[in-house]
Amino acid sequence: MSDWTIGIIGGSGLYAMDALEDAQWISVKSPWGEPSDEILCGTIGHVRVRFLPRHGRGHRIAPSNINARANIDALKRAGCTDILAISAVGSLSEELPPGRFVTVDQFIDNTKGRPASFYGDGFVTHVSMAEPVCPRLSKHALKAVEKAGGGCSEGATYLAMEGPQFSSRAESKLYRHWGAEVIGMTGMPEAKLAREAELPYALLAMVTDYDSWRDDAESVDVAEIVKQMNANAAIARKAVEIFCKGLPKKRNPSPIDQALADAVITAPDKHDKALVAKLDAVAGRLLGKG
Ligand SMILES: CSC[C@H]1O[C@H](OP(=O)(O)O)[C@H](O)[C@@H]1O
Ligand SMILES: Nc1ncnc2[nH]cnc12
């Protein structure tokens, strides 16, 4: 085995992974509540893999109710060094037609009221989100999609909306004006929480529809999305396999492994002990528990 442990967060249409060897669903307890499901633990080539379906098997959990804190904490407890997340997205750009993949490199967080941080009173922490994804993982994911036979564009701004309803035509057009290129309901706060847990994170987006900004076209619906998701799922699965098998044996450190360095501002004598106890995994390196 190499020293990579890759967490795969499966989005809509991706609820299990056949490519894992010696695979076993394992329950991981988190002080942040219930993760979306058990974690499928196994290996692909020389890489340990921990697969978590974001909506749970059978797509039980609505986007607003995904416990992203528990999911990221559980993946960290399961030993993950890095996370590759997969998401179905609507396109806000003519250049990103349904069927295309794209690596997300920026986010606009328009979600409302989701718990978006592990930290707070008694352990106030401010990490940088200027560059929200890991470029090393993103580049590797793009190449893996191409090797799997898919078309993949490099870099898109992802608008995270609350949902569960799709956007109105006016909202869809507004998000385009904001510079967003794809839209989904789950990328945030997931990406923020991965950064707070010092986990390099990349988001591979699968374009399923054109959202609702094109005046002369039908508006988006779930049937269209599911059809496109099913058409893309095989490439996404193959890409994950190629992604893992193509990683170098040695994992060089990433600056994101130390994202919490200088991020905690609360004086040590003012730490909230109950909160610190819950941070044993996500801030384990900083707290000397890693
Ligand atoms: C099934 S359509 C809307 C649904 O699909 C996306 O999920 P995910 O990001 O987990 O692939 C979107 O964010 C919505 O949750
Ligand atoms: N158009 C869309 N809006 C929000 N989430 C989506 N997921 C897939 N397509 C979407």
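Because the structure is a prediction, the values reported are computed rather than measured.

### Some words on the site of ligand 2
Thought 1: All residues adjacent to ligand 2 are Ala 88, Val 89, Gly 90, Met 161, Phe 166, Ile 183, Gly 184, Met 185, Thr 208, Asp 209, Asp 211 and Ile 225.
Thought 2: Contacts to ligand 2 include Asp 211, whose side-chain N or O atom sits 2.7 Å from a nitrogen atom.
Thought 3: The fraction of the free accessible surface of ligand 2 (260 Å²) that becomes covered by protein chains is 94%.
Thought 4: Taking a 2 Å distance to the grid points as the criterion, the majority of the atoms of ligand 2 fall inside the largest pocket.

### Re unusual backbone geometry
Thought 1: Put simply, Gly 163 and Pro 164 share a cis peptide bond, and its omega is 0°.
Thought 2: Positionally, Pro 164 belongs in the loop between β7 (152-161) and α3 (169-177).
Thought 3: For the bond running from Met 188 to Pro 189, omega is 5°, close enough to zero to count as cis.
Thought 4: Take Pro 189: it is sitting in helix α4 (residues 187-196).

### Comments concerning the pattern of salt bridges
Thought 1: Here the structure, examined in full by the defined rule, presents 14 salt bridges.
Thought 2: The shortest N-O distance in the salt bridge between Glu 190 and Arg 54 comes to 2.8 Å. Of this pair, Glu 190 sits in helix α4 while Arg 54 sits in the loop between β4 (47-53) and α1 (68-77), and the two are 136 residues apart along the sequence. This pair shows no difference in class: Glu 190 is buried, exactly as Arg 54 is.
Thought 3: We note a salt bridge from Lys 238 to Glu 241, for which the minimum N-O separation is 3.8 Å. Of this pair, Lys 238 and Glu 241 are both found in helix α5 (residues 222-245), three residues apart, which corresponds to roughly one turn of the helix.
Thought 4: One network of salt bridges, with partners in common, ties together Asp 37, Glu 38 and Arg 57.

### Structural notes on the packing of α1 against α4
Thought 1: Put simply, α1 and α4 touch, their axes get as near as 9 Å, and they point 40° apart. On the basis of their axis angle, the class for α1 and α4 is oblique. Viewed along their axes, α1 and α4 form a crossing whose handedness is right-handed. Where α1 abuts α4, its residues Ala 68, Arg 69 and Ile 72 lie against Pro 189, Glu 190, Leu 193 and Ala 194.
Thought 2: A class-by-class count of the residues in the contact of α1 with α4 yields five nonpolar, no polar and two charged.

### Here's the deal with the state of the cysteines
Should the sulfur atoms of two cysteines be covalently bonded, the bond is a disulfide.
Thought 1: Under the counting rule described, the total for this entry stands at zero disulfides.
Thought 2: In this structure Cys 41 is not part of a disulfide, and its nearest cysteine sulfur, from Cys 80, lies 8.2 Å away.
Thought 3: The thiol sulfur of Cys 134 is not disulfide-bonded, and the nearest other cysteine sulfur, from Cys 80, lies at 14 Å.

What counts and how
Residues numbered from 1 in each chain as written. Chains lettered and ligands numbered in written order. Predicted model: local features only at pLDDT ≥ 70, side-chain atom pairs only at ≥ 80, totals over all residues. Heavy atoms only, no water. Near = heavy atom within 4 Å. Polar contact = N/O pair within 3.5 Å; in protein donor to acceptor, adjacent residues only side chain to side chain. Areas by Shrake-Rupley, 256 points an atom, 1.4 Å probe, with all protein chains shown as cover. 1 Å grid on protein atoms, 1.4 Å probe; cavity = no way out; pocket = protein on both sides within 12 Å on 5 of 7 lines; lining within 4 Å. Sits in = over half its atoms within 2 Å of the grid points. Helix = DSSP H or I, 4+ residues; strand = E, 2+ residues; numbered from the N terminus. Salt bridge = Lys/Arg side-chain N within 4 Å of Asp/Glu carboxyl O. Buried < 20%, exposed > 50% of the residue type's maximum accessible area, 1.4 Å probe, protein only. Axes fitted to C-alpha atoms, helices over the stretch in contact; angles between N-to-C directions. Parallel < 35°, antiparallel > 145°, perpendicular 65-115°, else oblique. Left-handed = near helix turned anticlockwise from the far one by under 90°. Contact = heavy atoms within 4.5 Å. Nonpolar A, V, L, I, M, F, W, Y, C, P; charged D, E, K, R; others polar. Disulfide = S-S within 2.5 Å.

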